[in-house]
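Secondary and tertiary structure notes
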Amino acid sequence: MRHSMRPRRRTLTFLALLASFALVASACGSSGGSGKTTGTTSSSGKPVSGGTLTYGLEGKTTDFCVPSAQFAISGIMVVTAVYDTLTAPTQDP
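So, a few notes on the structure that sits alongside this text. Since the structure is predicted, the reported quantities are computational estimates derived from the model, not experimental observations.

On to the overall build of the protein chain. Scanning the protein chain from N- to C-terminus turns up two helices and zero strands. Residue pairs in contact within the protein chain that sit at least 24 positions apart in sequence constitute 0% of those at least 6 positions apart. Total accessible area computed for the protein chain in this model is approximately 8900 Å², and 61% of it derives from carbon and sulfur atoms.

The subject of this paragraph is a nonpolar patch on the surface. Together, Leu12, Phe14, Leu15 and Leu18 line one region of the surface with nonpolar side chains, adding up to about 410 Å² of accessible area. Note on placement: Leu15 falls in helix H1 (residues 2-28). The exposure class assigned to Leu15 is partly exposed, which follows from its relative accessible area of 44%.

This part covers helix H2 (residues 73-86). In this model, H2 (14 residues) spans 20 Å end to end at C-alpha, consistent with the 20 Å of a helix rising 1.5 Å per residue. Within the span of H2, buried status applies to Ser74, Gly75 and Val79.

Each value, and the rule that gives it
Residues numbered from 1 in each chain as written. Predicted model: local features only at pLDDT ≥ 70, side-chain atom pairs only at ≥ 80, totals over all residues. Heavy atoms only, no water. Helix = DSSP H or I, 4+ residues; strand = E, 2+ residues; numbered from the N terminus. Contact = heavy atoms within 4.5 Å. Areas by Shrake-Rupley, 256 points an atom, 1.4 Å probe, with all protein chains shown as cover. Patch = residues over 30% accessible without salt bridge, like charges linked within 9 Å, V, L, I, M, F, W, Y side chains within 5 Å. Salt bridge = Lys/Arg side-chain N within 4 Å of Asp/Glu carboxyl O. Buried < 20%, exposed > 50% of the residue type's maximum accessible area, 1.4 Å probe, protein only. Expected span 1.5 Å × (residues − 1).

Remember, this is a structural readout, not a statement about activity or role.
Shown next, in the form of structure tokens:
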């Protein structure tokens with residue numbers, strides 16, 4: 001019985017390697033697109049006002065006013081990423 005399993009195991013190993021190679025090859029290949037983005041950008045390099053920021057969180061966060069908010073773990077990560085780079089805490093109200 002052991003002898004009859006070898007061809008099947010070789011076939012499955014070959015198919016697994018072939019599938020792995022196909023995944024790697026498709027990930028490294030080009031998408032065939034032009035590479036242009038569809039978003040609007042300012043060609044002068046100056047910031048423009050307006051726009052939206054869309055994000056998704058896995059847990060509930062009440063709001064992003066730091067003193068009164070109740071954060072989930074993902075909310076803490078967002079606050080750390082945004083507030084730590086834009087603000088500096090002081091004793092002044």
